[in-house]
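Chain by chain, the residues:
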Amino acid sequence: MVRALSLISAIQSHLAGGGNGRSEKQNPHQKDHTNSSQARTFFVGGNFKMNGSKKSIHEIIERLNNTKLPENVEVVIAPPAPYLQQAVTENKQKTVYVSAQNSFDKASGAYTGEVSVEALKDLGVPYVILGHSERRTINKEDDAFIASKTKFALDEGLKVILCIGETLEEKQANITLDVVKRQLQAVVDVVSDWTNIVVAYEPVWAIGTGLAATPSDAQDVHKQIRDFLATVIGKDQAEKVRILYGGSVNGKNAVEFRDKADVDGFLVGGASLKPEFVDIINSRN
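Reading guide: rules and limits
- Residues numbered from 1 in each chain as written.
- Predicted model: local features only at pLDDT ≥ 70, side-chain atom pairs only at ≥ 80, totals over all residues.
- Heavy atoms only, no water.
- Helix = DSSP H or I, 4+ residues; strand = E, 2+ residues; numbered from the N terminus.
- Buried < 20%, exposed > 50% of the residue type's maximum accessible area, 1.4 Å probe, protein only.
- Contact = heavy atoms within 4.5 Å.
- Areas by Shrake-Rupley, 256 points an atom, 1.4 Å probe, with all protein chains shown as cover.
- Right-handed = clockwise from strand over helix to strand, strands pointing away.
- Pairing = 2+ DSSP bridges.
- Salt bridge = Lys/Arg side-chain N within 4 Å of Asp/Glu carboxyl O.
- Expected span 1.5 Å × (residues − 1).
- Arc of directions from axis to C-beta.
- Phe/Tyr/Trp six-rings, centres within 6.5 Å; stacked < 30°, edge-to-face > 60°.
- Axes fitted to C-alpha atoms, helices over the stretch in contact; angles between N-to-C directions.
- Left-handed = near helix turned anticlockwise from the far one by under 90°.
- Nonpolar A, V, L, I, M, F, W, Y, C, P; charged D, E, K, R; others polar.
- Parallel < 35°, antiparallel > 145°, perpendicular 65-115°, else oblique.

**Some remarks on the overall build of the protein**
Next up, step 1: Along the backbone of the protein there are 12 helices and eight strands.
Next up, step 2: The buried share of the protein, reckoned over its 285 residues, is 45%.
Next up, step 3: The long-range fraction of contacts in the protein, counting pairs at least 24 apart against all pairs at least 6 apart in sequence, stands at 72%.
Next up, step 4: Total accessible area on the protein is roughly 14,700 Å²; 52% of this is exposed by carbon and sulfur atoms.

Written as structure tokens, this is what we have:
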């Protein structure tokens, strides 16, 4: 009888411990492995480019204000500079922030047409987009200048959406990774803390063309971007950097990226001006 009671006690103790010691030890490790991408807050940016009016910007913001947005998604909208104050004032969503589309690498001075970081801060704008392909190609901004602007913005307290990506010619020449590594390295050379940088991979050939990289192709490039960052800024920082995909993202194709571990969100162009922007925001929920 005593032996039977001892056996029952041992079985109860075994079950209370979760069945076996091995599964107990696995759980914390498994959680860390599977949740590395989940620890990065999903991010959806809307770059309005040189589009919009007081009326249309108001309508876009009101649509967001009147929508129940997921609390686990950070949304950033980037209207043209004349409408930044309007966007800051009219936005009522706690998960929506405003971004500028450009800033300069000097505090002030005789720089006609440029936007100062101090002016953006004065308006209550926390983000700025830098390195967009249209600035690189049309305005001839090179890697060094973009890196300088990035460093200045960060040093002065802004957060940066850093755009990188290859042209169609570079893609066809199979040098996509060489291009994005070069673009990133210019910033690595002058910035050591990447806490306030969000990287946006935007293949130039896909912007506004209706073409888009497949989700698998995007994941492959994003993974290699993260691996490269791990070698130059350290694995811990690289794991925390959010890497967005941009290039003809819309309300229909956004959901196709939902299971890609290194695609942490989107930088959206034309679709951010339309009601489907809300569908993109909700694409992970």
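That shown, we press on.
**A few points about the pairing of strand β1 (residues 42-47)**
Next up, step 1: The element β1 is largely enclosed, with a buried count of six among its six residues.
Next up, step 2: Both faces of β1 are covered, namely the face carrying F42, V44 and G46 and the face carrying F43, G45 and N47.
Next up, step 3: Where the polypeptide runs from β1 across helix α3 (residues 54-65) and back to strand β2 (residues 73-78), its parallel neighbour, the crossover connection is right-handed.
Next up, step 4: Bridging between β1 and strand β8 (residues 265-268) involves four bridges; their strand directions are parallel. Residue pairing for β8: G45 is matched across the bridge by L267.

**Overview of the pattern of salt bridges**
Next up, step 1: Summed over all chains, the structure comprises 17 salt bridges.
Next up, step 2: The partner of D262 in a salt bridge is R40, and the shortest N-O contact between them spans 3.9 Å. A residue pair is termed long-range when its members are at least 10 positions apart, and D262 in the loop between β7 (243-245) and β8 and R40 in the loop between α2 (21-34) and β1 qualify at 222 residues. Just as D262 is buried, R40 falls in that class too.

**Re unusual backbone geometry**
Excluding glycine, a negative phi dihedral is what most residues carry, and trans is how most peptide bonds are arranged.
Next up, step 1: The phi dihedral of N174 is positive, around 60°, even though this residue is not glycine.
Next up, step 2: Relative to the elements of secondary structure, N174 occurs in the loop between α8 (168-172) and α9 (176-188).
Next up, step 3: Non-glycine residue S248 carries a positive phi angle of around 60°.
Next up, step 4: Relative to the helices and strands, S248 is located in the loop between β7 and β8.

**What about α3?**
Residues lying three or four places apart along an α-helix face the same way, a consequence of the helix completing one turn every 3.6 residues.
Next up, step 1: Over its 12 residues, α3 extends 16 Å from the first C-alpha to the last, a length consistent with the 16 Å expected when each residue adds 1.5 Å.
Next up, step 2: Every buried residue belonging to α3 is among I57, I60, I61, L64 and N65, and all of these are buried. Buried residues of α3, viewed axially, fall in a sector of 140°; they line one side.
Next up, step 3: Elements in contact with the buried residues of α3: β2, α4 (84-90), β3 (96-100) and α12 (276-281).

**Some thoughts on the packing of aromatic side chains**
Next up, step 1: Summed over the entire model, instances satisfying the criterion amount to seven aromatic pairs.
Next up, step 2: With a centroid separation of 5.8 Å and an interplanar angle of 75°, the aromatic rings of F43 and Y127 are classed as edge-to-face. Of this pair, F43 sits in strand β1 while Y127 sits in strand β4 (residues 127-130), and the two are 84 residues apart along the sequence.
Next up, step 3: Here F43 falls in the buried class, since its relative accessible area comes to 0%.
Next up, step 4: Taking relative accessible area as the criterion, Y127 reaches 2% and is therefore assigned buried.

**Topic: the packing of α9 against helix α10 (residues 215-233)**
Next up, step 1: Interaxial distance between α9 and α10 falls to 11 Å at its minimum, and their mutual angle equals 35°. Crossing hand, α9 versus α10: right-handed. Of the residues in α10, those touching α9 at L177, V180, K181, L184, Q185 and V188 are Q224, I225, F228, L229, V232 and I233.
Next up, step 2: For the contact of α9 with α10, a count of residues per class yields nine nonpolar, two polar and one charged.

**Brief notes about the packing of helix α7 (residues 143-155) against α9**
Next up, step 1: Following both chains from N to C, one finds α7 and α9 inclined at 45°, their axes separated by 8 Å at the closest point. Classified by the angle between their axes, α7 and α9 sit oblique to one another. Both α7 and α9 take part in a crossing whose hand is right-handed. Judged by residue contacts, D143, A147 and T150 of α7 engage R182, Q183, A186 and V187 from α9.
Next up, step 2: A per-class count over the contact of α7 with α9 returns three nonpolar, two polar and two charged.

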